[in-house]
Amino acid sequence: MTVTIGRRELLAALGGAVAAWPRAARAQQPALPVVGFIRTTSADDSLKLVTRRVAVLAATGGTVSARAAKAATSTIPVVFTTGDDPVKAGLVASLSRPGGNVTGVSVFTARLGAKRLALLHELIPAATTIAILLNPKNPDSEDEAKDVQEAARALGVEILVLYAGTENEIDAAFTKLVEQRTGALMLGADTFFTSQRARIATLSTYLRIPTADSVREFPEAGGFASYGASLAGVYRQAGVYVGRILKGDKPADLPVLLPTAFEFVINLQTAKVIGLTVPDKLLVAADEVIE
C-alpha cells in the first residue's frame, strides 16, 4: 500500500522531530553536579547543604566554615580556604596527605602578622603604639595576638589588642584608638574584617589612622596598605581542587596547597589624605601602588 503525504504534513512531522532532539539529548545526559558554597557558618547550617546531597562542599569562609563543614559530614568532599595552620586547626592529618574527606588551600595568613607589623613599623616609624584588631569569634585570634606581641617586643613597639565581631564593635574599637592616640592599626586575619573593608577603610582614613590588612581588597577599597596572599588566587586554587574532585580525585590524595607569592600593596592616595609620606624604598618594594 502506498501512503501519500503532503508538503504541509511533511514539514510538520520534521519540525516535531527536530524539536524533540534537544529534549532527548538532555534526557540522556547525566545531571550536573551541585557544589555547596559555605562562608562563615555553623555545623547546623552546613547540614542543610549535606541533606541536599551536594557533590562537594566549598568552605571558603576560613577556619570557622571549614570546621563547620567537616563536622557536618565525613563522606561529602570538602575543599576549604583558611588563613591558619589546617593541621593545628584539626582539619587535616598532614599537609602532604590530608586523609579523610577534607583538603584545600592554606595561606597561613594569621602567621604573617609579624611581617605585617614589621612593614607597618617601617611605614610609620614614629608610631610607638600599634593596635591589632581581632575577631573574638575566631578561635585563632589569641595565637595571632601572641605572635604579633612577640614581634612587637623585638621592634620596641607597644601593642594594643582590641576586639570586634560586629559593626558596632568596630565603631567602638575606633573610638578606643582615638582615645589611646594609637599610631597605627593592623587587622587580624579574618573574613569578617574583609567583608567590612569599606567601613574600616572609611573610618581609618577619616580618623587618620594608618591601617594595614592581609588582603589587597582593603587598599583597593580605600584602606592604607596590605600584605598577604591574593584572595583571588586562593579561590582559584580552591576552584581547581573542586574541579579535580568532581572528575574523580579523592580529597585524601590532594595535598593542602600553599601560596607561592605574596603581595604588598600601598594606597598612595590614602597615604596623602592621612598625611603620610611613604619612604621611596617601600614604594619600590611594593607589588602595587594605588594612585
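Source: prediction; values computed, not measured. (Residues numbered from 1 in each chain as written. Predicted model: local features only at pLDDT ≥ 70, side-chain atom pairs only at ≥ 80, totals over all residues. Heavy atoms only, no water.)

Colleague: Give me the side chain of Thr82: which residues, what numbers.
Modeller: Turning to its location among the elements, Thr82 is positioned in strand β3 (residues 78-82). Using a relative accessible area of 4% as the deciding quantity, one classes Thr82 as buried. Within the structure, Thr82 has its side chain in polar contact with the backbone nitrogen of Asp84 (distance 3.1 Å). Contact partners of Thr82, with chain neighbours within four places excluded, come to Gly62, Thr63, Val105, Ser106, Val107 and Phe108. (Helix = DSSP H or I, 4+ residues; strand = E, 2+ residues; numbered from the N terminus. Buried < 20%, exposed > 50% of the residue type's maximum accessible area, 1.4 Å probe, protein only. Polar contact = N/O pair within 3.5 Å; in protein donor to acceptor, adjacent residues only side chain to side chain. Contact = heavy atoms within 4.5 Å.)

Colleague: Can you break down empty space enclosed by the protein residue by residue, with the values?
Modeller: Counted under the stated rule, the structure contains 1 cavity of 30 Å³ or more. The computed volume of the largest cavity comes to approximately 40 Å³. Along its surface, the largest cavity is lined by Arg116, Leu119, Leu120, Leu123, Ala212, Ala225, Ser226, Tyr227 and Phe264. At the level of elements, α4 (113-123) and β9 (225-228) are the ones that each hand at least two residues to the lining of the largest cavity. Tallied by class, residues from the lining of the largest cavity come to 7 nonpolar, 1 polar and 1 charged. (1 Å grid on protein atoms, 1.4 Å probe; cavity = no way out; pocket = protein on both sides within 12 Å on 5 of 7 lines; lining within 4 Å. Points joined across faces, edges and corners; volume = space filled by probe spheres on them. Nonpolar A, V, L, I, M, F, W, Y, C, P; charged D, E, K, R; others polar.)

Colleague: Tell me about the packing of aromatic side chains, residues and numbers included.
Modeller: Within this structure, the stated rule accounts for 2 aromatic pairs. An angle of 50 degrees between the planes, with centres 5.7 Å apart, marks the rings of Phe192 and Phe193 as tilted. Residue Phe192 shares its accessibility class with Phe193, and that shared class is buried. Considering the side-chain rings of Tyr227 and Phe262, the 6.1 Å spacing of their centres and the 25 degrees angle between planes classify their relative orientation as stacked. Here Tyr227 is found in strand β9, whereas its partner Phe262 is found in the loop between α10 (231-246) and β10 (263-267), with 35 residues between them in sequence. Tyr227 gets classed as buried once you look at its relative accessible area, which sits at 15%. For Phe262, a relative accessible area of 29% puts it in the partly exposed group. (Phe/Tyr/Trp six-rings, centres within 6.5 Å; stacked < 30°, edge-to-face > 60°.)

Colleague: Could you give an account of the pattern of salt bridges, with specific residues and numbers?
Modeller: Applying the stated criterion across every chain yields a total of 10 salt bridges. Between Glu144 and Arg116 there is a salt bridge, with its nearest N and O atoms 3.2 Å apart. Here Glu144 is found in helix α5 (residues 141-155), whereas its partner Arg116 is found in helix α4, with 28 residues between them in sequence. For Glu144, a relative accessible area of 2% corresponds to the buried category. Judged by relative accessible area, which is 2%, Arg116 ranks as buried. (Salt bridge = Lys/Arg side-chain N within 4 Å of Asp/Glu carboxyl O.)

Colleague: Explain the sheet that holds strand β11 (residues 288-290) residue by residue, including any values.
Modeller: Sheet strands associate in pairs through backbone hydrogen bonding, adopting either a parallel or an antiparallel arrangement. With mixed pairing, the 7 strands of this open sheet are ordered in space as β6-β5-β7-β8-β9-β10-β11. On the outer flanks of this sheet lie β6 (158-163) and β11, each paired with one strand and no other. Sheet twist, expressed as the average angle between the axes of neighbouring strands with direction ignored, equals 20 degrees. Summarising the sheet, strand β7 (residues 184-187) and strand β8 (residues 211-213) pair through 2 bridges and their orientation is parallel. Along β8, the bridge assignment pairs Leu185 with Thr211. Contacting β5 (129-134), β6, β7, β8, β9 and β10, α4 runs over the sheet at an angle of about 155 degrees to β7. (Pairing = 2+ DSSP bridges. Axes fitted to C-alpha atoms, helices over the stretch in contact; angles between N-to-C directions.)

Colleague: Which residues make up the packing of α4 against α5, and what values do they have?
Modeller: Viewed as axis vectors pointing N to C, α4 and α5 meet at an angle of 40 degrees, and their least axial separation amounts to 8 Å. Taken together, the axes of α4 and α5 are oblique relative to one another. Seen from above, α4 lies across α5 with right-handed handedness. Counted together, Gly113, Ala114, Arg116, Leu117, Ala118 and His121 of α4 and Glu144, Val148, Ala151, Ala152 and Leu155 of α5 form the full contact between these two elements. Taken together, the residues of the contact of α4 with α5 sort by class into 7 nonpolar, 2 polar and 2 charged. (Parallel < 35°, antiparallel > 145°, perpendicular 65-115°, else oblique. Left-handed = near helix turned anticlockwise from the far one by under 90°.)

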